[in-house]
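# A closer look at the structure
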Amino acid sequence: MTFDEILSIPPYSLDEEEKGKLLTERLLELTRLHRKNCPEYANMLDAVGFDPDGVKSYKELPFLPVRLFKEMDLKSVTKEEIVKTMTSSGTSGQAVSKIYLDRSTSANQQKTMVKIVSEFTGSGRMPMIIIDCPSVVKNRAMFSARGAGILGFSIFGSKKIYALDDDMKLDVSGVSDFLEQHKGERILLFGFTFMVWQHFYKELKRLKEEGIAFDLSNGILIHGGGWKKLISEAVSHDEFHKSMEEICGLKDIHDYYGMVEQTGCIYMECECGHLHASNFSDVIIRRPLDFSEADTGETGIIQVVSTIPESYPGHSLLTEDEGSVVGIDDCPCGRKGKYFKINGRLKNAEIRGCSDTYAAKF
Amino acid sequence: MANLEKYNNAFIETFEITEDKLAGLKYQDIEAWDSVGHMGLIAALEEAFDIMMDTDDIIDFSSYEKGKEILSKSEYGVEF
């Protein structure tokens, strides 16, 4: 099965059985591909005696811990074929993951992301406010997860503005001019959760006290990168939504879950507040004691699988996040597939996520 | 300015290259045409022709030649 075939299917249209078949076929192919082209990966599979012929479901495929991409250079293509190297976000001093992309994996990431996000925003492009500073995308050779996130979403922006300057201060006149220019239009806002709260919401709150108010009731906000810091400030999901609406009328808000090791396959939050897996990827919740699959509603460690990675063996990974499946195929929003929630990071796991690593400075 | 000239100028100015490099040029062939450069190129073309491209077309815009094909489509109506 080629990736283009998967791309031609609407992202939330397959039920559990159909999706299971698709994932098993594609992920088994990827496992074989990486075993052939990445000697380190082949050694790991040999060491656990993995036999692909006996596999009936993608849930039986081996998974690598995400950390491994920090400790090893894992790739299934030659150096010459690499067009982009992406790095995870880390607090200073932390080792970062390095993810090697060739032309086709890189293109497939962007195509996938567009398919998924269009299901929430519509396919039209909108004036876009990026709640971050422009310097994040400056270093082009080494792409940080934060820059990649911004750039990936930029395709939805017709006209774009960075709301923050390089000192992370809100550009009040820039943003208000932009809103004036695009009055009556739907506006896309994108940012990482903590930055949105700290540098956008808090500033809007302060400005409101001075009598300056922004109207973003036409806006749609997509944010991601982790809640850790906000939870410690006792800002819950509901509080975040309520505060945003109060301060600027913004009601259409979607969190997303994703990681640089599986860029493209993001898990968007629907109108009912659930994170959704699309056809392109899945989450499997594992019991920490024996890695067996947890039941619906039972908390465990999150494994993620993605149909995209051809240039590095990252199609099946064990994260350091904890969560639980809420349901399958029957979310009231109408989208098929698994929907789930994230509880946070495992104890003693290192801080990561574009929002959380940045927030560690505060 | 003729459309071809506008089209070429978008590449030349965005990527800081000379006209003789344009034929056969593909995405990721030169350092400047990476994913950041790509969005810059799209912005320059949209400005030059006063159009707004679809996300699918932005993704499919994989070479100098492919781009001409895309802009020639009826919804953009750029004639070369």
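Each chain has its residues counted from 1, running along the sequence as written. Here chains are named by letter from A upward and ligands by number from 1 upward, in the order in which they appear as written. Only residues with pLDDT of at least 70 are given local features in this predicted model, and only at 80 or more are side-chain atom pairs given and counted; all residues enter the totals for whole chains, interfaces and linings.

## Digging into the overall build of chain B
The helix and strand inventory of chain B stands at four helices and zero strands. In sequence order, the secondary structure elements of chain B are arranged as α-α-α-α. Note that the radius of gyration is over C-alpha atoms, with the globule rule given as 2.2 Å times the number of residues to the power 0.38. Taking 2.2 N^0.38 as the reference for a compact globule, 80 residues should give roughly 12 Å; the C-alpha atoms of chain B span a radius of gyration of 11 Å, in line with that estimate. With the C-alpha coordinates of chain B rotated into their principal frame, the extents come out at 30 × 25 × 20 Å. Remark: C-beta atoms are placed from the backbone, and a residue is labelled buried if 20 or more other C-beta atoms sit within 10 Å of its own, exposed if 12 or fewer do, or partly exposed between those counts. When each of the 80 residues of chain B is scored for burial, the buried share is 24%. This entry defines residue contacts through backbone-placed C-beta atoms, with two residues in contact when those atoms are within 7 Å. The contacts in chain B between residues at least 6 apart in sequence include a share of 49% that link residues at least 24 apart. Under the scheme used here, helices are H or I runs from DSSP no shorter than 4 residues and strands are E runs no shorter than 2 residues, and both carry numbers assigned from the N terminus.

## Considerations on the overall build of chain A
From N to C terminus, chain A includes eleven helices and 15 strands. Whereas a compact globule of 362 residues would reach a radius of gyration of roughly 21 Å, chain A reaches 20 Å, a difference of no more than 12%. Counting the 362 residues in chain A, one finds 48% classified as buried. For chain A, the proportion of contacts with a sequence separation of at least 24, taken over those separated by at least 6, is 73%.

## Remarks on the interface of chain A and chain B
Each partner contributes to the interface: chain A provides 16 residues, whereas chain B provides ten residues. Listing elements by their share of the side of chain A that touches chain B, those giving two or more residues are strand E2 (82–87), helix H5 (103–121) and helix H6 (145–154) of chain A. The element contributing the most residues to the side of chain A that touches chain B is H5 of chain A, with five residues.

## With respect to the packing of helix H1 (residues 3–15) of chain B against helix H2 (residues 35–49) of chain B
Residue and element names in this part refer to chain B. With axes taken as lines fitted to C-alpha atoms, and helix axes fitted only over the stretch in contact, angles between N-to-C directions fall between 0 and 180 degrees. Contact geometry for H1 and H2: axes closest at 9 Å, N-to-C directions at 145°. As for the relative orientation of H1 and H2, their crossing is right-handed in sense. Together, Lys 6, Ala 10, Phe 11, Glu 13, Thr 14 and Phe 15 of H1 and Gly 37, Gly 40, Leu 41, Ala 44, Leu 45, Ala 48 and Phe 49 of H2 make up the contact between the two elements. Here the term charged refers only to Asp, Glu, Lys and Arg, the term nonpolar to Ala, Val, Leu, Ile, Met, Phe, Trp, Tyr, Cys and Pro, and the term polar to all other amino acids, Gly among them. Its residues assigned to classes, the contact of H1 with H2 comprises eight nonpolar, three polar and two charged. Here a crossing is called left-handed whenever its near helix is offset anticlockwise from the far helix by less than a right angle, and right-handed whenever the offset is clockwise.

## Quick look at the nonpolar core
By convention the nonpolar core is taken to be a set of buried residues drawn from Ala, Val, Leu, Ile, Met, Phe, Trp, Tyr and Cys and joined through C-beta atoms within 7 Å. Ile 131 and Phe 190 of chain A are the most contacted members of the largest nonpolar core, which totals 107 residues. For this core, the leading source of residues is helix H8 (residues 193–209) of chain A, giving seven residues.

## A closer look at the packing of H8 of chain A against helix H10 (residues 237–248) of chain A
All names here are of chain A. Between H8 and H10, the least distance of the axes is 10 Å, while the angle of their chain directions is 40°. In terms of their interaxial angle, H8 and H10 are classed as oblique. Relative to H10, H8 is oriented so that their crossing is left-handed. Of the residues in H10, those touching H8 at Trp 197, Tyr 201, Leu 204, Lys 205 and Lys 208 are Phe 240, Ser 243, Met 244, Ile 247 and Cys 248. Residues belonging to the contact of H8 with H10 are distributed by class as follows: seven nonpolar, one polar and two charged. Here the word oblique covers every angle except those under 35 degrees (roughly parallel), over 145 (roughly antiparallel) and from 65 to 115 (roughly perpendicular).

## A few points about H2 of chain B
For H2 of chain B, built from 15 residues, the straight-helix expectation of 21 Å at 1.5 Å per residue is met to within 8% by its first-to-last C-alpha distance of 21 Å. Burial in H2 of chain B covers these residues: Ser 35, His 38, Leu 41, Ile 42 and Leu 45 of chain B. Viewed along the axis of H2 of chain B, the buried residues span an arc of 105°, placing them on a single side of the element. Buried positions along H2 of chain B lie against H6 of chain A together with H1 and helix H3 (55–60) of chain B. Looking one or two residues past H2 of chain B, Asp 50 of chain B carries a phi angle of roughly 50°, positive in sign. Helices are assigned an expected span. That span is 1.5 Å times one less than the residue count. Summarising the geometry, the arc corresponds to the directions from the helix axis toward the C-beta atoms.

## Examining the environment of Gly 327 of chain A
Residues and elements named next belong to chain A. Residue placement: Gly 327 occurs in strand E14 (residues 316–328). C-alpha of Gly 327 to C-alpha of Phe 63: the two residues are 264 residues apart in sequence and 23 Å apart in space. Beyond its immediate stretch of four places on either side in the chain, Gly 327 contacts Thr 296 and Tyr 339.

## Here's the deal with the pairing of strand E13 (residues 300–306) of chain A
Residues and elements named next belong to chain A. Across the seven residues that make up E13, a large majority, seven, are buried. Where strand E12 (residues 281–286) meets E13, six bridges bridge the pair, whose relative direction is antiparallel. Residue Ile 284 lies in a different strand from E13, and its bridge partner there is Gln 303. The pairing of E13 with E14 spans five bridges and is antiparallel. Residue pairing for E14: Val 304 is matched across the bridge by Leu 317. A pair of strands is treated as paired once DSSP finds two or more bridges between them.

## Let's talk about helix H2 (residues 16–37) of chain A
Residue and element names in this part refer to chain A. Look at H2: 31 Å from first C-alpha to last across 22 residues, which is about the 32 Å you get at 1.5 Å a residue. Of all the residues in H2, the buried ones are Lys 19, Leu 23, Arg 26, Leu 27, Leu 28, Leu 30, Thr 31 and His 34. Contacts made by the buried residues of H2 are with helix H1 (3–7), helix H3 (39–47), E12, E13 and E14.

## Observations concerning unusual backbone geometry
Residue and element names in this part refer to chain A. For Ala 234, which is not a glycine, the phi torsion comes out positive at approximately 60°. Secondary-structure assignment places Ala 234 in the loop between helix H9 (228–232) and H10. Note on Ala 234: 7 C-beta atoms within 10 Å, which makes it exposed.

## Focus: the confidence of the model for chain B
Residue and element names in this part refer to chain B. Looking at chain B as a whole, its pLDDT mean stands at 94, while 100% of the residues score no less than 70. The lowest-confidence element of chain B is H3, averaging 91 in pLDDT; the highest-confidence one is helix H4 (residues 64–71), averaging 97. In the predicted assembly, ipTM is 0.85 and pTM is 0.92. A residue's pLDDT is simply how confident the predictor is in it, with values from 0 to 100.

## Focus on the environment of Asp 73 of chain A
All names here are of chain A. As for its placement among the helices and strands, Asp 73 is situated in the loop between helix H4 (68–71) and E2. Exposure remark for Asp 73: the 11 C-beta atoms within 10 Å place this residue in the exposed category. Placed 27 residues apart in sequence, Asp 73 and Tyr 100 show a C-alpha to C-alpha distance of 8.5 Å.

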